[in-house]
Every structure is written in structure tokens, then in C-alpha cells.
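Structure assessment
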Amino acid sequence: MRIVFAKPVFPKKGALVLGVKENRVMLSMTVEADSESGGLLKQAMSASRFTGKGHQTLTVFTSLGRIVLYGIGTGKSIDTLWCEKAGSNIQAALAGSGETEVSVVFEGHEGSPEGIEARAAHLGYGALLNSYRFDKYRTKEKKDDKPTLSKITVMVDGHVKARNHFADLRAIAQGVFLTRDLVSEPPNVLYPVSYSDRLKELKRDGLKVQVLGEREMTKLGMGALLGVGQGSARESKIVVMQWNGSKRGEPPVAFVGKGVCFDTGGISLKPAGGMEDMKWDMGGSAVVSGLMKVLAGRKAKVNAVGVVGLVENMPDGNAQRPGDVVTSMSGQTIEIINTDAEGRLVLADALWYTLKRFKPKFMIDLATLTGAMMVSLGQVNCGYFANDDELSDRMAEAGEAVGEGIWRMPLGDEYNKMMDSDIADMKNAGPRYGGSITAACFLERFVDNCPWSHMDIAGMAWSSMDKPTVPKGGTGWGVRLLNHLVKAHYEG
Ligand code: BES
Ligand code: MN
Ligand code: ZN
């Protein structure tokens, strides 16, 4: 999808989107178009329920071509998130309409803290994010079912400023798209080796990318991560991505992702129904990868490191057993109670490795860690845990700013104790109740005193429903939030 910015003028071709305020009050270009078309727009409005309420639309065919009237309400509550939703709706309305291009006239919005140029840029951004499709495996889609829309022109006074503002947003969208691609990819195509090969391609974006194989991980003593992968025919990997946009020696911010390319549960096998969903059990690692691409893409003035643990959790003659005791890189031993509680084992070594090698300012891990988190918060908010209030507050603010909601969950000794084992330092699965919290307490044992947060994105990584700016499939949820967090507090 091409997104361009231009001065407001009536276009020679393509569809046209024009604004209408509440009570059918037309904006100035809308008034002009109405008189050009012999009053057709006014007529169409009074013949329909369209009144100009926020996000209402009405399509009218006129001598000027297809015109979509777009409701902007009072025009006063229009912020960047509102504009993203509008851009997304416009893209959705016209994607398969037969139109190849559309011009959106952006005028008459008052009272928002952001400048009109920024908001116009976010309209283009919303349209771009919603235009994403994962269609590489469809060979038989009919031409008539394919989207036609390929270009959106956002028309705004100050279009040059809008275009400049859009550059960073485009970089963010590209990161989000990488995350969505990785999450949607089937597990016979995306497995630790092919995944790490794909991440090596991020060198072209300016990232330093390093891959550790089982030999290196064995040397490092990563018994927790390696135990998970030992039932798989495919070699486990850790990929380290670095972006150095700040001073040498400045400690980095660190992001750590669970990359279970497929989670069968291992010997503690999952039931068959819905097991195909476990291809997206690498969602956390995909957010980390997408985020690193964004930071490089917009040349963020920050040192950042992304570490992803890539494994496949399979049942096999060589698979790990319930009852096994493994030794993690930290030296702490873990009794395996349930081989399906594998994500925390991968993260235990990935977190410890990140901590020791990089001594980061903070670590945030992302993981599709527990079904219990979906029970708690559904697919609306992401539950997160933190051992540091400043980091926690900054994350919540970032979520609010980009429209990705997060909800803080508790840690604590009483929960933590539930992970004690009778024969080792800890066990990998506790009682059923509070399962997301005890999982977080397990992870906390691998971060020492580093400011840390764990985001359990089990409910967020995948959506079976289209939502504004997020088509169904892999969502890319979290990339925008973490990018905002970095930008607001850790750059320069
Ligand atoms: N990947 C799953 C969690 C999950 C389930 C994510 C459904 C998204 C949708 C994780 O590895 C897992 O199996 N967790 C277990 C932990 C339990 C065995 C302690 C769970 O949630 O049941
Ligand atoms: Mn599992
Ligand atoms: Zn899992």
C-alpha cells in the first residue's frame, strides 16, 4: 500500500473521502463537492441515517466519482488514535471496492493537542496497518476477491510536515508487519533454524545479529532451554539482535522473547483440538524481532538488545520427562513437573544470558506464557508483571498512548513459594489457580535485581477477528507499545 501526502485539491481520479460534522454540517471541501455534484451529497445524507457522527460513513456516486462521506462528530475529540481508526475504516471500506486509489481530504478538526500534520500522518498509518494481508499461501484466490486499493493520498495543509512525520510511522508499520508475518507463518516453514536465518536478514536493516546453536548453549550451561528442545528433530537456537544508536558503553535496554515455534506440550501432550494455534507460541520472540526492526528503521538514539529463545516442544523418545531435573545457566536447578510449562524454561536461560552479558538498564520479556492469562483478561488487555514501579508506570503510559492496553498483575512471596520443589531449587509448574502469577514468579528468579517486566501476551498475539488497524491473524501487538516506551524515555 502506497501512502502519500499532498495539498488539498480535487483529484482527477480515484475515490474521494470528505468530512462531515455532526448534524450534517459539511466541511468546506465537502460543500464544494456538493455544489459541483448538483447537491447530491446533501440529498444522500437526508435520505439516509448518516448524520456525521464520529466514524459514520456514506458512499455516494457522483459526477466527481465515488465519494465517501466520513463523520467526524464535533471535530473536537480527534486525536492520533481516532485518526488511525478512521484511516483503517477508510482502507477497509475501499479495499475491495474496485477503486485503486483514494484521496482523503483532511480538514476542519479542532482542539487536539497534536498538530493537524501529525494527525494526518496517523490517518495514513492506520490505513497502512489495516492493509496488511498474509496471503502467500493462497494460490486460488479469484481476481474479484483480491483487494484493488493500492494508493491512499492524504490531502492536508502542511503536507510536507505530515510526510516527514509519517517516516517514523512507516518504520513502525514495517516492524509490525514483520511480527505478523512471523506469527502467521506455519510451523513446518518457521522453525528455529529457518527462523534464525530469517532474523539474520535484519543485518540489512543495520542490526547486529548473532546466532547461538546447541553447541554454544551447552557450553554456556543452558540446561533449561536445551531440555525443552531435546525432543525435537530441529536444533534449538538463540538469536541476539543489537541496535547501537547511542553512545558506546551506554547500557542497553533489553527485550527477551519466547520463541516456541510449535508447542505440542511435549510428553505432557496437549489435547488435539486447537493445537494448530500453538504455531503462534513464538509470538513473544516475533514482537522482539519486529521491535528491533523498528528501532533500526527509525534510527532510534538508543542502545537496544533483543534476545529470542527459539525451540520446538515435541514428544519423542529423546524428549524431556516429567520428573527430570535440569540445571539452568544461572546454576539454579529445576524439577520438571509438566513439560507443557516450557516457555518459562526457555526464558529462564534467555533472561539470565541477557542479564549477564549486557547488564541492561531493564529487561522486558514477552511470552505467550499461560492459558490462565486468557482466562483472566481475555483478548482485550495484556497482563504484565513488574518488579519496578517506574518501569511499570512508563509501560502503562506507553500502552495508553498507542492504544495497546496493559493491566498490572501482582507478584509476591506467597505466590513465589508455590514454585518451590522438594528435590530441586524450584519446579516448573505450580497449582492450577493463579497460573499466570506463579509463572511470573518463576521468571523473577532469573532476573536478580535488574528492573524487569514480564508481559504475558497469550491473549494478544493472535486474533480471529478483524479489529481497527489489526486484521485477523498475527496481530503484531506490543511493537507499538514498546517502541513508544523507548522513544518517550530512553532515547538521546
Ligand atoms: N503456550 C502455552 C500457553 C498458551 C495456551 C498460550 C493457549 C496461548 C494459548 C504454554 O506453554 C502452556 O502450555 N502453558 C500451560 C502451563 C501449565 C502447564 C502450568 C498452560 O497455560 O496450561
Ligand atoms: Mn506449553
Ligand atoms: Zn508454550
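Let us look at the coordination of the zinc ion (ligand 3). Looking at the zinc ion (ligand 3), the protein donor atoms are Lys-258 (NZ), Asp-263 (OD), Asp-281 (OD) and Glu-342 (OE), and they sit 1.9 to 2.4 Å from it. Taken in sequence order, the residues that donate to the zinc ion (ligand 3) follow the motif K-x4-D-x17-D-x60-E. Between the zinc ion (ligand 3) and the manganese ion (ligand 2) the interatomic distance comes to 3.1 Å, and Asp-263 is a ligand of both metals. Take Lys-258 and Asp-263: they sit in the same class, and that class is buried.

Okay, the packing of aromatic side chains next. Tallied over the full model, the rule gives 8 aromatic pairs. Consider the rings of Tyr-132 and Phe-177, whose centres lie 5.2 Å apart with planes at 35°: the pair is tilted. Placement of Tyr-132 in the loop between α4 (116–130) and β7 (151–155) and of Phe-177 in helix α5 (residues 159–184) is noted, with a sequence separation of 45 residues between them. The exposure class of Phe-177 is buried, given its relative accessible area of 17%. Ring geometry for Phe-134 and Tyr-137: centres 6.0 Å apart, planes at 55°, overall tilted. Here Tyr-137 falls in the partly exposed class, since its relative accessible area comes to 45%. One aromatic cluster in this structure is built from Phe-255, Phe-362 and Tyr-490.

For the rest of this paragraph, the subject is the environment of Ala-167. Along the polypeptide, Ala-167 turns up in helix α5. Between the C-alpha atoms of Ala-167 and Ala-121, which are 46 residues apart in sequence, the distance is 8.9 Å.

Each domain of the protein chain was delimited in the assignment, giving domain 1 (2–158) and domain 2 (172–489). Just the C-alpha atoms count here: the centres of domain 1 and domain 2 sit 38 Å apart. A per-residue breakdown of the area domain 1 buries against domain 2 is headed by Leu-129, Tyr-132 and Phe-134, which together make up 44% of the total. Across the domain 1-domain 2 interface, the total number found is 2 salt bridges. Here Lys-136 makes a salt bridge to Glu-185, at a shortest N to O gap of 2.8 Å. Taken together, the connections running from domain 1 to domain 2 amount to 7 residue pairs in polar contact (both at pLDDT 80 or more). The set of elements that each furnish at least two residues to the side of domain 1 that touches domain 2 consists of α3 (80–94) and α4. Counting residues per element, the side of domain 1 that touches domain 2 draws most heavily on α4, at 5 residues. Split into classes, the residues belonging to the side of domain 1 that touches domain 2 amount to 7 nonpolar, 3 polar and 3 charged.

Thresholds applied
Residues numbered from 1 in each chain as written. Chains lettered and ligands numbered in written order. Predicted model: local features only at pLDDT ≥ 70, side-chain atom pairs only at ≥ 80, totals over all residues. Heavy atoms only, no water. Donors = N, O, S within 2.8 Å, 3.2 Å for Na, K, Ca; no water. Buried < 20%, exposed > 50% of the residue type's maximum accessible area, 1.4 Å probe, protein only. Phe/Tyr/Trp six-rings, centres within 6.5 Å; stacked < 30°, edge-to-face > 60°. Helix = DSSP H or I, 4+ residues; strand = E, 2+ residues; numbered from the N terminus. Domains from an automatic or database assignment. Buried area = accessible area lost by both parts, 1.4 Å probe. Salt bridge = Lys/Arg side-chain N within 4 Å of Asp/Glu carboxyl O. Polar contact = N/O pair within 3.5 Å; in protein donor to acceptor, adjacent residues only side chain to side chain. Nonpolar A, V, L, I, M, F, W, Y, C, P; charged D, E, K, R; others polar.

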